[in-house]
Each structure stands twice: as C-alpha cells, then as structure tokens.
Amino acid sequence: MKKRTMETSLAGHSGKLIHSIERRLFLRQGLSLGALAMLSGCDLTDDQSVQKLLGVMSRWNDRAQGWLFNPNKLAPEFPESAITKPFPFNAFYSVDEVEYVDGASYKLELAGLIREKKPWTLPELYSLPQTSQITRHICVEGWSAIGKWSGVRFSEFLARIGADTSAKYIGFKCADDYYTSIDMATALHPQTLLTLRFADEILPPMYGFPMKLRIPTKLGFKNPKHIMSMFVSNEYPGGYWEDQGYNWFSGS
Amino acid sequence: MEAAQTQWVRIHPLVVRITHWVNVLAILIMVTSGWRIYNASPFFPFRIPSELTLGGWLAGALQWHFAAMWLLVLNGIAYVTYGIVSGHFKRKLLPITPRAIFHDVLEALRGRLAHEDLSVYNAAQRAAYLAIILCLIVLVFSGLSIWKPVQLQEITAVFGGYEGARVVHFLAMSLLVLIVLVHILMVILVPRTLPTMFSGRARRPT
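Each value, and the rule that gives it
- Residues numbered from 1 in each chain as written.
- Chains lettered and ligands numbered in written order.
- Predicted model: local features only at pLDDT ≥ 70, side-chain atom pairs only at ≥ 80, totals over all residues.
- Heavy atoms only, no water.
- Helix = DSSP H or I, 4+ residues; strand = E, 2+ residues; numbered from the N terminus.
- Buried < 20%, exposed > 50% of the residue type's maximum accessible area, 1.4 Å probe, protein only.
- Pairing = 2+ DSSP bridges.
- Contact = heavy atoms within 4.5 Å.
- Axes fitted to C-alpha atoms, helices over the stretch in contact; angles between N-to-C directions.
- Patch = residues over 30% accessible without salt bridge, like charges linked within 9 Å, V, L, I, M, F, W, Y side chains within 5 Å.
- Areas by Shrake-Rupley, 256 points an atom, 1.4 Å probe, with all protein chains shown as cover.
- Salt bridge = Lys/Arg side-chain N within 4 Å of Asp/Glu carboxyl O.
- Phe/Tyr/Trp six-rings, centres within 6.5 Å; stacked < 30°, edge-to-face > 60°.
- Lys NZ or Arg CZ within 6 Å of the ring centre and 35° of its normal.
- Expected span 1.5 Å × (residues − 1).
- Polar contact = N/O pair within 3.5 Å; in protein donor to acceptor, adjacent residues only side chain to side chain.
- Core = buried A, V, L, I, M, F, W, Y, C linked by side-chain atoms within 4.5 Å.
- Bend = angle between axes of the 7 residues up to and from the residue.
- Disulfide = S-S within 2.5 Å.
- pLDDT = per-residue confidence, 0-100.

**Details of the overall build of chain B**
- Helix and strand content of chain B: eight helices and two strands.
- Listing every helix and strand of chain B by position from the N terminus yields β-α-α-α-α-α-α-α-α-β.
- With respect to the three principal axes, the spread of C-alpha positions in chain B is 65 × 35 × 35 Å.
- Expressed as a percentage of its 206 residues, the buried residues of chain B come to 47%.

Okay, structure coming up:
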C-alpha cells in the first residue's frame, strides 16, 4: 500500500457525475480498455510483455526529454504575491512522520567522481554565496504550488567541490530513506539550487531540513529533501519512485 | 437478381481507414489513462470511477499516457497531412456553414436525416468530424503545456499557464468524449456505416 501514497495523499471527495446510462453504454460497447481488461479477468498493465513495452517507452521518453531540455531555458519566476500559502506538504509518509535531522552534527557526505570529498557542515554551507527563486513546484500528481527557496547555486557548488561534470548522473541519499538521481545537464542548470531556506527562513523539517535540492525544471519528486549524501556517477542510480515505475527524467 | 448488379463505390480511402482505427486505439488509451491521472489530484468535485481507468495506479497510468501520446501524435500528423495534401478534407469536410449545421442537427434530432449516399457527409457529420480534429489539436497542445511547462512555456502561456492548461485539457477531453459517444450512437442507428470503415466501400445509391 505504501507505493500508493503518492496517488492518494491529496485525494479529494468523490462524486459520480458520469451518468450511469453513459457508463453502461460505455461498458456494453466494450470501448474502455480498462473494461476490456476487467472482462478478460486480468489487469492489462500487469501483463509482462505490456510492462516491458511500457518500460521501453518510458526510457525512450527519458531520452526525448534529454533532447528537449534546453540548459538556458529558465523556469518562469513569480512575484512574492503569487506564493502559495500554506505551501502543501508532500512525501511518501504523513506530516507527523517527518524526519528530524540534528543540524549541529550534520555533515553533507560526498562520494563518487568528486575531487574534494571533504564533508560539509551547515555553517560552511550557509557561508557560501546565496541566491533566491520564486518558482512553481509541480507534482507528478498534477497539483502545483508556488514557493520561495534560497540557497547555493548547485552548479557553483559542483565547481567548488571539483565534481566531474562530464559524468552522467548525480545521486542523492536522504535521511528519510528517500533516494533519487538526476542528469548532469539539469544539475548544471542555473536555477538548480542547493536549498537551505524556504520563505526566507531556515528550511523547516517538513520542507526538508537541513537541505533539499530545488529543481524547477523537474517534477516535485525529483527534488529530494533531507539530503545526507550525494554522489557523482556514470552508473544509473535510480530512485525511490523511479524504481516503482515513475519516469526517471520527469522534466518540466 | 439485383445483387449481381450492385455497384460499389470507394468512400473511405485506405489512409483514412487505417488512421481512424489507430486513432480509436490511441484515444482509448489516452482517455482512460488520463482519467486515472486526473484522479490523483482532481480539480473538479468528482473523480472518475476507477473501473473505467487504465494503469492500475498513477505510475502505470502515466506510462500508458506518455507511451500512447506518440501513437496519437504521429497518427494525427499522418492523417492531417494526408487530409490536406490529397484534398480529402476539402472534398469531404467542406464547405460548412452554421446554417447548414443547424438545419442538419435539427433534422437528425427529428430522425429525418437522410443517409442514402454514404460518400457525402451531411453538415452535422462535417461539424462533428472537424470538431474532433480541433479537440485533438487542443488536447495535444494543452497536453504538451502540462508535460513541459518550462521547456514549452510559450505554449503553456497560451492556455493561461500550467493550471489553466490542466483545465483546458480536461474540458477538451470532455467535449471529445461527448462527440465520440454521439458518433457511436449514430453508427448504432445507421449500422451499415460500420463495415464501410473497414472495407472502404459502400453500395452506390440508386
């Protein structure tokens, strides 16, 4: 059931607006693939060959989105007045299960194709040049919300630690056991932000204290919270939702 | 007898028949998986019954939707290109006037719309088929706006931004489904139109 959380967390109230006549007609004609699958007593999507085909198409879409990605195209920015209040909480667990990370002992661990692997404390991260953005966070579920995030431009941080930017992937491991990975082109995008503040305050636990990666060119689940370590790699690292079937690139 | 003398005329070109049935499959997948995606975060006070949806859960529905979009778009490009280049659209869907549509829809509602010559579309048919094409164009562009609100933000802006594009996408789907249901109803009422969409041929009117 855990994997359904993403779908049901924002579930609204249901009401049947589709007239039953219309539905009966639909079913009788056998026009819905869903209905067909029901009639044949098997779930079309669970069929192995169908699964394989859908997987192939999802990887094709990863490539297509890679080609479509313009490193100079900026996500629209908004005025302070457009900020969504309250900003929604979303994770694969409920808000009372939010991870609390001890800021005093926190150290960001670095691994993989990085020259300077020295871990970073929070005061060190706070002392780096900071920048802000007010952008739209779009969830894979469809809803969106506008928020203000501040922190270190990720491309500058990658340059500072001597990351091999010719590598393919950057992976993230989080305190709440979440994990995800992104492509290098997106990592180097000027709006990709190592985020330390939300709405001009130190990032609250529910939005990912002590640090999250804000990527306005990707869907919400590609923006990991509570990042404990990151690594640069040429081997596909996958991700929590990605390994369950969500599209890996998931660009906006 | 007369059967021996029956003359057949080709009323649906092969390209139109193939793209029609590919389109049926693509739209079925797009609509039923799209309903599942809508259910993940409904913006109207209702959800689509999950028995009518495809994908099992959000990730599955998204996989179907983003796989079938290629089928829908490539097939649509083939159909529209053929329709323009061959003169098929001009021949079969034009001319069309509001007055003629009004007249023929009224006749259809009275059950008096003549269907002797299947090679000629009446004004109600022309309007419906053109509306389906337009709906699909709006669906493709509003869909691109939802999928790529950053990379294709100029298109997204046309629909009033990301949230606007979601609503337009849903409304265009609703209109499309409505027209398709009427289309199916008409085929049930005039069943001899169905085999022509496979064979392409109809008896010459006498």
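**So, the sheet that holds strand E5 (residues 169-174) of chain A**
Residues and elements named next belong to chain A.
- Pairing is mixed in the open sheet, where five strands are placed in the order E2-E1-E10-E5-E6. Only two strands of the sheet have a single neighbouring strand rather than two, namely strand E2 (120-121) and strand E6 (179-183).
- Judged from the five bridges that link them, E5 and E6 form a sheet pairing that is antiparallel. The residue of E6 that forms the bridge with phenylalanine 172 is threonine 180.
- Strands in contact with helix H6 (residues 154-161) are strand E1 (107-112), E2, E5 and strand E10 (227-233); relative to E10, the strand with the most contacts, it is inclined by about 70°.

**A word on a nonpolar patch on the surface**
Residues and elements named next belong to chain B.
- Residues Phe102, Val105, Leu106 and Leu109 make up a contiguous nonpolar surface patch of about 420 Å² in total accessible area.
- Summarising the element assignment, phenylalanine 102 is placed in helix H4 (residues 98-109).
- For phenylalanine 102, a relative accessible area of 59% puts it in the exposed group.

**Re unusual backbone geometry**
- Residues lysine 85 of chain A and proline 86 of chain A are joined by a peptide bond in cis, for which omega reads -5°.
- Summarising the element assignment, proline 86 of chain A is placed in the loop between helix H4 (48-68) and E1.
- Residue proline 95 of chain B is reached from leucine 94 of chain B by a cis peptide bond, and omega for that bond is -5°.
- If you trace the backbone, proline 95 of chain B turns up in the loop between helix H3 (88-92) and H4.

**A few points about the packing of aromatic side chains**
- Scanning all chains against the criterion turns up 35 aromatic pairs over all chains.
- Taking the centre distance of 5.8 Å and the plane angle of 75° together, the rings of tryptophan 60 of chain A and tryptophan 67 of chain A count as edge-to-face.
- In this structure an aromatic cluster arises from ring pairing among Phe89, Phe92, Tyr93, Tyr178, Phe221, Tyr240, Trp241 and Tyr246 of chain A together with Trp57 of chain B.
- Positioned above the aromatic ring of tryptophan 120 of chain A is the side chain of lysine 118 of chain A, whose terminal nitrogen or guanidinium carbon lies 4.8 Å from the ring centre.
- Seen from the ring of tryptophan 149 of chain A, arginine 214 of chain A lies directly overhead, with NZ or CZ sitting 4.2 Å from the centre.

**Details of helix H5 (residues 123-147) of chain B**
- Between its terminal C-alpha atoms H5 of chain B stretches 36 Å, which fits the 36 Å expected from 25 residues at 1.5 Å a residue.
- Looking at where H5 of chain B begins, the residue whose side-chain oxygen comes 3.0 Å from the main-chain nitrogen of alanine 124 of chain B is asparagine 122 of chain B.

**A closer look at the nonpolar core**
- By size, the foremost hydrophobic cluster in this structure holds 61 residues, and its most contacted members are Phe154, Phe157, Ile170 and Met230 of chain A.
- If we ignore the near neighbours within four places in the chain, the residues touching methionine 230 of chain A are Leu108, Glu109, Leu110, Ala111, Ile114, Phe154, Phe157, Leu158, Ile161, Ile170, Gly171 and Phe172 of chain A.

**Some thoughts on helix H2 (residues 58-85) of chain B**
Residues and elements named next belong to chain B.
- When the terminal C-alpha atoms of H2 are compared, their 40 Å separation across 28 residues agrees well with the 40 Å that a helix rising 1.5 Å per residue should span.
- Alanine 68 marks where H2 bends most, by close to 25°.
- Of the residues trailing H2, glycine 87 is marked for its positive phi of about 85°.

**A closer look at the pairing of strand E4 (residues 144-153) of chain A**
All names here are of chain A.
- E4 sits mainly inside the fold: nine of its ten residues count as buried.
- For strand E3 (residues 131-138) and E4, the ladder comprises eight bridges, and the chain directions are antiparallel. Bridge pairing in E4 places serine 132 opposite serine 150.
- Linkage of E3 to E4, two consecutive antiparallel strands, is achieved through a turn of five residues, within which glycine 142 is found at a positive phi near 120°.
- Relative to strand E7 (residues 193-198), E4 is paired through five bridges, and the arrangement is antiparallel. Following the sheet pairing, glycine 151 is matched in E7 by threonine 195.

**Looking at the state of the cysteines**
All names here are of chain A.
- Following the criterion strictly, the structure yields zero disulfides over all chains and no others.
- Looking at the unpaired cysteine 174, the closest cysteine sulfur is the one in cysteine 139, lying at 16 Å.
- By relative accessible area, cysteine 174 is classed as buried at 7%.

**Quick look at the confidence of the model for chain B**
- In this model, chain B carries an average pLDDT of 93, and 97% of its residues clear a pLDDT of 70 or more.
- Across the predicted assembly, pTM comes out at 0.88 and ipTM at 0.91.

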